[in-house]
Amino acid sequence: MRKKVVIGNWKMNMTAEEAKNFLRFMSVEVKDDEVEVGFAVPYTALWASIDAVRDNEYIGIAAQNVHFEPRGAYTGEISVEMLKEAGVKYCIIGHSERRQYFNETDEAVNKKAKVLLENGITPVICVGETLEEREANVHMGRIEDQIRKAIDNIDVRFVDKIIIAYEPIWAIGTGKTASKEQAEEMCSHIRYNVAKMYGLNVADNVRIQYGGSVNESNAKELFEMPNIDGALVGGASLKPTFTNIIKAAR
Ligand code: 13P
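The rules behind the values
- Residues numbered from 1 in each chain as written.
- Predicted model: local features only at pLDDT ≥ 70, side-chain atom pairs only at ≥ 80, totals over all residues.
- Heavy atoms only, no water.
- Core = buried A, V, L, I, M, F, W, Y, C linked by side-chain atoms within 4.5 Å.
- Buried < 20%, exposed > 50% of the residue type's maximum accessible area, 1.4 Å probe, protein only.
- Helix = DSSP H or I, 4+ residues; strand = E, 2+ residues; numbered from the N terminus.
- Contact = heavy atoms within 4.5 Å.
- Near = heavy atom within 4 Å.
- Polar contact = N/O pair within 3.5 Å; in protein donor to acceptor, adjacent residues only side chain to side chain.
- Salt bridge = Lys/Arg side-chain N within 4 Å of Asp/Glu carboxyl O.
- Pairing = 2+ DSSP bridges.
- Right-handed = clockwise from strand over helix to strand, strands pointing away.
- Expected span 1.5 Å × (residues − 1).
- Axes fitted to C-alpha atoms, helices over the stretch in contact; angles between N-to-C directions.
- Parallel < 35°, antiparallel > 145°, perpendicular 65-115°, else oblique.
- Left-handed = near helix turned anticlockwise from the far one by under 90°.

## Looking at the nonpolar core
Argument step 1. In this structure, Phe-39 and Ile-190 are the most contacted members of the largest nonpolar core, which totals 72 residues.
Argument step 2. Among the elements that make up this core, the one with the highest residue count is helix α8 (residues 180-198) (7 residues).
Argument step 3. Apart from residues no more than four positions distant in its own chain, Ile-190 is found in contact with Val-127, Ile-143, Ile-147, Ile-164, Tyr-166 and Ile-208.
Argument step 4. Membership of the second largest hydrophobic core comes to 11 residues, among which are Val-5, Ile-92, Val-124 and Ile-163.

## Brief notes about the site of the ligand
Argument step 1. Taken together, 13 residues lie near the ligand, and Lys-11, His-95, Glu-167, Gly-173 and Ser-213 sit nearest.
Argument step 2. Side-chain polar atom of Asn-9 to an oxygen atom of the ligand: 3.0 Å apart, as the coordinates give it.
Argument step 3. With respect to the ligand, the backbone of Gly-173 contributes an N or O atom lying 2.6 Å from an oxygen atom.

## Describing unusual backbone geometry
Argument step 1. For Lys-11, which is not glycine, the phi dihedral falls at a positive 55°.
Argument step 2. As for its position among the elements, Lys-11 is in the loop between β1 (5-9) and α1 (16-29).
Argument step 3. Judged by relative accessible area, Lys-11 falls into the partly exposed class, the value being 23%.

## Points about the pattern of salt bridges
Argument step 1. Throughout the structure, instances matching the rule amount to 21 salt bridges.
Argument step 2. Between Glu-17 and Lys-20 there is a salt bridge whose closest N-O contact spans 3.4 Å. With Glu-17 and Lys-20 both in helix α1 and 3 residues apart, this pair spans about one turn of that helix.
Argument step 3. Of the residues examined, Glu-17 reaches a relative accessible area of 47% and is grouped as partly exposed.
Argument step 4. Using a relative accessible area of 23% as the deciding quantity, one classes Lys-20 as partly exposed.
Argument step 5. Of the charged contacts in the structure, one is a salt bridge between Lys-112 and Glu-104, with a shortest N-O distance of 3.3 Å.
Argument step 6. For Lys-112, a relative accessible area of 7% puts it in the buried group.
Argument step 7. Since its relative accessible area comes to 9%, Glu-104 is described here as buried.

## Observations concerning the pairing of strand β2 (residues 36-40)
Argument step 1. Taking burial as the measure, the 5 residues of β2 include 5 buried ones, the bulk of the element.
Argument step 2. Of the two faces of β2, the one lined by Glu-36, Gly-38 and Ala-40 and the one lined by Val-37 and Phe-39 are each fully buried.
Argument step 3. In terms of strand pairing, β1 meets β2 through 5 bridges, oriented parallel. Residue pairing in the sheet places Gly-8 in a bridge with Phe-39 of β2.
Argument step 4. Of the crossover connections in this fold, the one passing from β1 over α1 to the parallel β2 is right-handed.
Argument step 5. For the crossover from β2 across helix α2 (residues 46-52) to strand β3 (residues 59-63), the handedness is right-handed.

## A look at helix α5 (residues 106-118)
Argument step 1. The first and last C-alpha atoms of α5 sit 19 Å apart over 13 residues, in line with the 18 Å expected at 1.5 Å per residue.
Argument step 2. Asp-106, Ala-108, Val-109, Asn-110, Lys-112, Ala-113, Val-115, Leu-116 and Leu-117 are the residues of α5 that are buried.

## As for the sheet that holds β3
Argument step 1. Pairing in this closed barrel of 8 strands is parallel, and the strands run β1-β2-β3-β4-β5-β6-β7-β8 around the ring. Neighbour-to-neighbour, the strand axes of this sheet turn through a mean angle of 25°, independent of strand direction.
Argument step 2. Across 4 bridges, β2 lies against β3 in parallel orientation. For Phe-39, the partnering residue across the bridge sits in β3 and is Ile-61.
Argument step 3. Strands in contact with helix α7 (residues 139-150) are β5 (122-127) and β6 (163-166); relative to β5, the strand with the most contacts, it is inclined by about 155°.

## Topic: the packing of α7 against α8
Argument step 1. The interhelical angle for the contact between α7 and α8, taken along N-to-C directions, is 45°, at an axis separation of 10 Å. Here α8 runs oblique to α7, going by the angle between their axes. Crossing of α7 over α8 shows right-handed handedness. Within the contact between the two elements, α7 uses His-139, Met-140, Ile-143, Glu-144, Ile-147 and Arg-148 and α8 uses Glu-185, Met-186, His-189, Ile-190, Asn-193, Val-194, Lys-196 and Met-197.

Worth remembering: the numbers are spatial, not functional.
Okay, structure coming up:
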């Protein structure tokens, strides 16, 4: 049985002070382990956020990126050891915004997944197609390609620790959610591809989230689909009503 995992991706929002206040509130609201809850906060808010949820074992803090090299001359980058020292539980990699604006490649995503797994941090690997790809009916192949490259040659003992987030680019920040059928079709396709690479048992344990304009009105119907194991939530995770999305995953 896969436990649902709902992660808020704050992107470039929330100062450390704001994060601390918001997470203290969340810490009171999230009181059981029925759903796994995470917040992907900006680097500058990592320590304050981890401190704010220190007494709450049900909330984990995520980073939004990592560099795959252990150290060195990479101005502006953060290593996995730095994330580990802070106490990070998850790390988003391959988000479409990073692929689009910062040239993150499938190869880099694969390297990042490996260093995170070797260091006990859960990668949240994002994949997703553009509207043009969907309209040209090449979206299934596009996601298959992203998955194959992202999880290529990973130690099989680690594969079921990975979380995959299917985030169609046309649904991010647009208010245009994928229908539950579209989201389920792709999440099932992702699971099938993981199974082709690592076997059915492993694929059965991998959690696959949907992301893209998830809100408190559409979350429940998405979570009821058999291959959707939670959500990666942008805008709606910045508001106290995010608790309703967590409740919908129960
Ligand atoms: P929105 O929920 O704001 O559409 O963002 C989705 C997303 O990109 C989460 O990573």
